[in-house]
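Observations on the model geometry
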Amino acid sequence: MPLDEPRSRAFGPADDDALLDAYSTAVTRSVDAVAPAVAHVRVERAQGRGERSREGSGSGFLITPDGYHVTNSHVAGEADAIEVTLHDGRRAGAAIVGDDPDSDLAVVKVRADDLAWCRFGDSPSVRVGQIANAIGSPLGFQHTVTAGIVSALGRSMRARSGRLLDNVIQTDAPLNPGNSGGPLIDSRGRVIGVNTAIVPAAQGLCFAIAASLAERVAIALIREGRVRRAWLGIGGQTVPVARRVALHFALAADLAVRVDSLERGALAAAAGIERGDLIVAIDGATVASVDDLQRALDVSAIGRTLAIDVLRRGRCVTLDVAPAERRSAADDGRGARRPAVRRPTRRGADASPTCGAGAASPRGAFVPEWIQPIDSRHHAMLDRDGYRPNVAIVVANGRNQVFWGKRIREHSWQFPQGGINAGETPEAAMYRELREEVGLEPQHVRVLGRTRDWLRYEVPQHWIKREWRGSYRGQKQIWYLLRLTGRDNDVSLRASDHPEFDAWRWHDYWIPLDNVIDFKREVYRRALVELERFLHGRPQARRDRLVSVQHPSMPSAYAEPVEGG
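Here goes a summary of the coordinates provided. As the structure is a prediction and not an experimental result, all values here were calculated from the model.

What follows concerns the pattern of salt bridges. Between side chains of opposite charge, pairing is possible as soon as their charged atoms come close. Within this structure, the stated rule accounts for 18 salt bridges. R42 serves as the salt-bridge partner of E83, at 3.2 Å between the closest nitrogen and oxygen. With a gap of 41 residues between them, E83 in strand β4 (residues 81-85) and R42 in strand β1 (residues 38-45) connect regions that are remote in the sequence. Classification of E83 as buried rests on a relative accessible area of 2%. A relative accessible area of 9% places R42 in the buried class. Between R229 and D102 there is a salt bridge, with its nearest N and O atoms 3.4 Å apart. One end of the pair, R229, is in the loop between α3 (211-224) and β13 (230-231); the other, D102, is in the loop between β5 (91-100) and β6 (105-110), and 127 residues separate them in sequence. With relative accessibility at 10%, the residue R229 sits in the buried group. Classification of D102 by relative accessible area gives buried; the value is 2%.

Looking now at the packing of aromatic side chains. One pass over the full model with this rule turns up 10 aromatic pairs. Note on F61 and F120: the rings are 5.8 Å apart at their centroids and 75° apart in plane angle, and the pair reads as edge-to-face. With F61 in strand β2 (residues 54-62) and F120 in the loop between β6 and β7 (131-136), this residue pair connects regions lying 59 residues apart in the sequence. Both residues of the pair, F61 and F120, belong to the buried class. On the basis of an interplanar angle of 75° and a centroid distance of 4.9 Å, the ring pair of W404 and F415 is categorised as edge-to-face. Within this pair, whereas W404 is found in strand β24 (residues 402-407), its partner F415 is found in the loop between β25 (413-414) and β26 (417-419), the two being separated by 11 residues in sequence. F415 shares its class with W404; the two are buried. Linked through ring pairs, F403, F501, W504 and W506 together constitute an aromatic cluster. Residue placement shows K476 over the ring face of W454; its charged tip is 4.6 Å from the ring centre.

Rules and cut-offs
- Residues numbered from 1 in each chain as written.
- Predicted model: local features only at pLDDT ≥ 70, side-chain atom pairs only at ≥ 80, totals over all residues.
- Heavy atoms only, no water.
- Salt bridge = Lys/Arg side-chain N within 4 Å of Asp/Glu carboxyl O.
- Helix = DSSP H or I, 4+ residues; strand = E, 2+ residues; numbered from the N terminus.
- Buried < 20%, exposed > 50% of the residue type's maximum accessible area, 1.4 Å probe, protein only.
- Phe/Tyr/Trp six-rings, centres within 6.5 Å; stacked < 30°, edge-to-face > 60°.
- Lys NZ or Arg CZ within 6 Å of the ring centre and 35° of its normal.

Function cannot be read off these values alone, since they describe shape.
Dropping the structure here:
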C-alpha cells in the first residue's frame, strides 16, 4: 500500500463510537426486556415475645404472569410477612410458596394482577467474557442496573444448609446489599443467573446461581412447595479420567465423580461404594460431573434401585443401591406453603449478608466461610466471628507414629497445617497443604478420619499483627488423620517455593502437650483424643497424662506466627 494512501479506519474514533453505541444498545434492550419483571422485596421475621420484628430486604423477579416470583432463600426464607414493590410502583403482599436453603432459592406468590414476567435463559451456553447485567435494589435504591461481564464459570460455594452449590457464575457486575435475589441477564434479556453473593472486601467478585439450577428448583417449589432429592450419603468432586482408561472401558466421557467421603450411615457405603471410587454412570446414564450426579438423584430416584458403575483399582464394578429421600429444611415445614400475615410498615436493612459487608444475619443466613478476606498474600479468610478457617494434618505411619515437622529456621515443631483459600473445601485445602508442606500426593495417603466440627482457639493480642487487630480473633480448625500408604522417601520438604519445614521425624502419637504453645494445647488435646479412635480402635489411658509428660528430645517451646498457619 502506498505510504500516501489513508490508513484503515479500523481503529478510528468513529468506529469506537459505533462500538460504544452497540454496547449501550445491547444493555438498554436487555434491561427494557427484564426490568418490568424485577421487584423489590421487603420482609419481616418475628422475634421472641416482647421483641420487635426483624426486617430485611432484597430483590427478586417474576417468572410467570400469575405472580410466581423468584428470590433468594436467605432473603425470603422463614419470613412472617412479605411485601414487594413492582416496577410501576405498586406494592403488593406475597406469600411463600417454597423455600430451598440447599440452593439458596425461594419462590413467593405475589398477590397482584397485570404482571410483567421474564424467562430463564440457557446457562450452559453462557461464555466467559459475555455481557452480564444485574438488576436489583442495592441499599434500597430500587430497580438499579449495573453492567459487567461473566468473569468465570464453574465456581463453587456453600449454601447456608452446607450443601455445595456448583456451576456458580462469577461476574464483575457490581452488586451491593439488596441485590440478593435479583436477576443476572445477558444481552438478549434472558435470565442467566440469580444474584446471591459477593466478597465484600474485594472489587468485582460477585456470584450468581446458574439459571439452569434456578429453573429446576423453581418448578419443584411451585409444584410441591419443596425440592425432593435422593440421598446416597457421599461427597465427591469432578475429576479427569486417564484417556487410556476411558478408552479401555469405552466410557462416553473422560470425566467422572470421585467419591471423597462417605457420611455416617450412608446407603452408598452399605451398597459397597468406597472412598476413591470413580462414579462413571448411573442406570446407564453417563456421570461426568457432580451436576450429572445430582441430576440423577432427583425425586424419581427415591426408593428405586439404581445400578451405579464405578471404576475401582483397574476394574469396572456395578453396584445396586436404592437412595432414600434426603432430609432438608423443607421437610420440617419451613419450606411448606404458608400465608403471609401483615405487611411490613418500616424500611429495613438487607436480609442478605452475602451481598454486602455488615448486613444482618437472620436465623443462620447463608454466609460463605470465606466471605471476609484479611490478607491477600496468604489468601487468609475470616468467618463472621473473626476466626480464620484452617486445616491441621496428622500423618501416621504403619507403626502409628506421626509426622512431626520442624519449622524452617525456628526451634519449634508442629503438624502440617494451613489456611483454607476462597472457595476451597476443607478436604481440598488439606490435600493442597499436604502437597505444599510435605510433598505427599493423594495416592500416598489414605484418610482415616477427621474431626466432626471446627475446633477453635483464640490468639492473644500480642501475637496478632497490628493491621488485623479488631477483626481477627483466632483460628478454627478441621483436623484430618491420614495413613501413609507410600514410603518415607515420598516425603519432600521442598515441594513448594516457600517450604514450611527444614527437618522432620516420626514421633509417638501422643506428643507431649507441654511443648505446644499454651493457647493451642486444648485444641491439640481435643483433636488427638477425637482422632485416636480411627488409629487404635479404642482410646488409650495414656492420653490422660499428656500435659504432665516431658520428652527430652522435644523443644521447650512451640511457636507459630499467626500469618504462617
